[in-house]
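Secondary and tertiary structure notes
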Amino acid sequence: MKKVLMLFGVVLFPAFAFALNAEAPSVADCQSQKKAFEEHAAGLRSDFVAQYILINMSDPMEQMSDEEALPVAACYANFTVQGRKLTSFVRAHSFFPGDIQGREKAKLETFATRVDRLSVQARLNKLSGNMSHVMQYVLINLADPMVKMSDAEAAPLAKAYQGCYVNGQPLMKFVRVHASEFPVTVAEELDTFVARVNELAN
């Protein structure tokens, strides 16, 4: 199947799309790869972009351990396609025709969830020495945005967040334990966030 997709991609993709460096990005070259990806993706149909993501980003990342994929996911989380986050773009479209659509769409959705989970985990790892910084990050970057999302939009993020840890403790448990140390309105928002994540992820 992958050979078929690759052949399909070679036939349909403009040549410049394959000129992109398909190697996993390092911290040093993330911004340059982001720029190259976004510039080239802007001129492609959605299904062509999806094929590129599947073959050059999702499939290679599938072979990586979480430790290996952590910096890659942190980079990909900043990519945008057609004015939206890469992971949101992947989830919002069905790209492939016929009997391969469901299978490849599922692979892309798994990739998007893993990118969200590992990119959040990468940030948590950097903040893990300071509880207040972790909680501030969760409130501003995870809880507040989720308030504005429908359940359908929030569910894949909830699944990603439930797989994150702070110093070996599940993130949702960590947030619930420390929420009471904040003003009542903030604590209530954090408790609501945890409850919604747990409900939507299960």
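Residues numbered from 1 in each chain as written. Predicted model: local features only at pLDDT ≥ 70, side-chain atom pairs only at ≥ 80, totals over all residues. Heavy atoms only, no water.

**Brief notes about helix 10 (residues 184-201)**
For helix 10, with 18 residues, the first-to-last C-alpha span of 26 Å sits near the 26 Å given by 1.5 Å per residue. Here helix 10 has its buried residues at Val186, Ala187, Leu190, Phe193, Val194, Arg196 and Val197. Those residues of helix 10 hidden inside the fold are in contact with helix 7 (131-147), helix 8 (151-162) and helix 9 (171-179). (Helix = DSSP H or I, 4+ residues; strand = E, 2+ residues; numbered from the N terminus. Expected span 1.5 Å × (residues − 1). Buried < 20%, exposed > 50% of the residue type's maximum accessible area, 1.4 Å probe, protein only. Contact = heavy atoms within 4.5 Å.)

**A closer look at the environment of Ala77**
Residue position: Ala77 is located in the loop between helix 4 (66-76) and strand 1 (80-81). Overall, the relative accessible area of 18% leaves Ala77 in the buried class. C-alpha of Ala77 to C-alpha of Thr87: the two residues are ten residues apart in sequence and 7.2 Å apart in space. Those residues in contact with Ala77 that lie beyond four places of it in its chain are Lys85, Val115 and Ser119.

**Regarding the nonpolar core**
Counting 31 residues, the largest nonpolar core has Phe37, Ile53, Met57, Met61, Tyr76 and Leu86 as its most contacted members. Of all the secondary structure elements, the ones that give two or more residues to this core are helix 2 (30-41), helix 3 (46-62), helix 4, helix 5 (86-92) and helix 6 (101-127). Considering every element that reaches this core, the biggest residue donor is helix 3, with eight residues. Every residue in contact with Leu86, bar those within four places of it in the chain, is listed here: Phe37, Ile53, Met57, Tyr76, Phe79, Thr80, Val81 and Phe111. Leu142, Val175, Val186 and Leu190 belong to the second-largest nonpolar core, a separate cluster that totals 28 residues. (Core = buried A, V, L, I, M, F, W, Y, C linked by side-chain atoms within 4.5 Å.)

**Section: unusual backbone geometry**
One non-glycine residue with positive phi stands out, namely Gln82, at about 50 degrees. Position of Gln82 relative to the elements: it lies in the loop between strand 1 and strand 2 (84-85). Judged by relative accessible area, which is 48%, Gln82 ranks as partly exposed.

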